[in-house]
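Residues per chain are reported as follows:
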Amino acid sequence: MDVGKARMGTRPIISFRQVNKWFGNLHVLRDITLDIYEGEVVVIFGPSGGGKSTLIRTINRLEPIDSGELWVDGIPVHDPRINVNRLRQEIGMVFQQFNLFPHLTVLENIILGPVHVKKIPRAEAERLAMQLLERVGIPEKAHAYPAQLSGGQQQRVAIARGLAMRPKIMLFDEPTSALDPEMIKEVLDVMEDLAREGMTMVVVTHEMGFARHVADRMVFLEGGRIVEIGTPDEIFENPRHERTRVFLSQVL
Ligand code: ADP
Ligand code: MG
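What counts, and where the lines are drawn
- Residues numbered from 1 in each chain as written.
- Chains lettered and ligands numbered in written order.
- Predicted model: local features only at pLDDT ≥ 70, side-chain atom pairs only at ≥ 80, totals over all residues.
- Heavy atoms only, no water.
- UniProt positions renumbered as here; feature names shortened; annotations may be inferred.
- Near = heavy atom within 4 Å.
- Polar contact = N/O pair within 3.5 Å; in protein donor to acceptor, adjacent residues only side chain to side chain.
- Areas by Shrake-Rupley, 256 points an atom, 1.4 Å probe, with all protein chains shown as cover.
- Helix = DSSP H or I, 4+ residues; strand = E, 2+ residues; numbered from the N terminus.
- Nonpolar A, V, L, I, M, F, W, Y, C, P; charged D, E, K, R; others polar.
- Buried < 20%, exposed > 50% of the residue type's maximum accessible area, 1.4 Å probe, protein only.
- Contact = heavy atoms within 4.5 Å.
- Axes fitted to C-alpha atoms, helices over the stretch in contact; angles between N-to-C directions.
- Parallel < 35°, antiparallel > 145°, perpendicular 65-115°, else oblique.
- Left-handed = near helix turned anticlockwise from the far one by under 90°.
- pLDDT = per-residue confidence, 0-100.
- Salt bridge = Lys/Arg side-chain N within 4 Å of Asp/Glu carboxyl O.

As recorded by an unreviewed UniProt entry, the protein carries the name Amino acid ABC transporter ATP-binding protein, PAAT family and is attributed to Thermoflexus hugenholtzii JAD2. The heading Sequence similarities (unreviewed entry) in the UniProt record of the protein holds the text "Belongs to the ABC transporter superfamily."

Below, the structure written as structure tokens:
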């Protein structure tokens, strides 16, 4: 994406160095080395069970790593002594299941972090939350409860909630996989806007149209290993590895 190249920084904001992780005997991340630059949009794709969720969850230490180094905005995430709350304030995350609190309104869901973690005055947090709801296109839902919203609307609230902490990085783990087809585009459109505004984004998705148009680079992960990294043009037009080719022929 040419827009992406123009606004991309030259400083890695996320650096994986020889990162390994096991779940018991299962070696789920194998020697992951990857730099992600400020303002970059990186799509992670590959077969189920390949380690995509685990990889993305190491970034905010929802999954601790077993060896190697992982640096996020200068924070050594591999170091067990770091302040995890400070790390997580820099990173918003959106999951496949929207994970909104059902007993709180949309507005209350969004201001929770800013008010309780960042100690921002409630009125100011609400002003910011309304701006974010405008941005994701549903200001009229501020006082609704999650159950009164469609899946697409709930996911847009989840994105607004992630942005409310003013993160430097946004992580998305299959954000549209639980949505009915007609709601996928409204969520991808919000993500694309965010990308164009220069947010650093790591996105696990099977939406290859989104990847093609929005990603700066794509990472093919299989069996816990990075098989191939390339621009969307390289990955779609001229994949270097047979496994990438085969996988794409199955999903496209
Ligand atoms: P993906 O997101 O690519 O489908 P995951 O990262 O979820 O892959 O999973 C990678 C592998 O690790 C899978 O074999 C999965 O069953 C296993 N796994 C994931 N989470 C755990 C866990 N908390 N405990 C044990 N095994 C896990
Ligand atoms: Mg997953």
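### Thoughts on the site of ligand 1
Surveying the vicinity of ligand 1 reveals the residues Phe23, Leu26, Val28, Pro47, Ser48, Gly49, Gly50, Gly51, Lys52, Ser53 and Thr54. In the model, an oxygen atom of ligand 1 is placed 2.7 Å from a nitrogen or oxygen of the glycine 49 main chain. Within the side chain of lysine 52, one N or O atom sits 2.8 Å away from an oxygen atom of ligand 1. Relative to its free-state accessible area of 560 Å², ligand 1 is covered by the protein chains to the extent of 59%. Put simply, the parts of the chain that give the shell around ligand 1 at least two residues each are β2 (26-37) and α2 (52-59). Of the residues contributing to the shell around ligand 1, the split by class is 4 nonpolar, 6 polar and 1 charged.

### Structural notes on the UniProt feature "domain: ABC transporter" (unreviewed entry) in the protein
In this numbering, the UniProt entry assigns the feature "domain: ABC transporter" (unreviewed entry) to residues 14-248. Helix makes up 37% of residues 14-248 and strand 26%, and the two end C-alpha atoms of the span are 26 Å apart.

### Looking at the side chain of threonine 200
Considering the arrangement of structural elements, one finds threonine 200 in strand β8 (residues 200-204). You can call threonine 200 buried: its relative accessible area is 3%. Within the structure, the side chain of threonine 200 is placed 2.7 Å from the backbone nitrogen of glycine 39, a separation counted as a polar contact. Those residues in contact with threonine 200 that lie beyond four places of it in its chain are Ile13, Ile36, Tyr37, Glu38, Gly39, Glu40, Lys168, Ile169 and Met170.

### Notes on the packing of helix α4 (residues 106-116) against helix α6 (residues 151-163)
Running from N to C, α4 and α6 point in directions that differ by 25°, and their axes come no closer than 8 Å. Here α4 lies roughly parallel to α6, going by the angle between them. In this structure, the crossing between α4 and α6 has a hand that is right-handed. Residue-level contacts link Val106, Asn109 and Ile110 of α4 to Val157, Ala160 and Arg161 of α6.

### Let's talk about the confidence of the model for the protein
Summing up the model confidence of the protein, the mean pLDDT is 95 and the portion of residues at 70 or higher is 97%. This model gives residues 1-6 a pLDDT under 50, and the stretch forms 9 contacts once residues within four places in sequence are excluded. We note a pTM of 0.96 for the whole complex and an ipTM of 0.98 for its interfaces.

### Observations regarding the pattern of salt bridges
Oppositely charged side chains can pair when the atoms bearing their charge come close. Inspection of every chain in the model, using the stated rule, returns 18 salt bridges. Taking the shortest distance from any N to any O, the salt bridge between arginine 196 and glutamate 192 comes out at 2.9 Å. Of this pair, arginine 196 and glutamate 192 are both found in helix α7 (residues 181-196), 4 residues apart, which corresponds to roughly one turn of the helix. Its relative accessible area of 36% is what places arginine 196 among the partly exposed residues. Shared partners join several salt bridges into a network, and the residues in it are Arg11, Glu38, Asp73 and Lys168.

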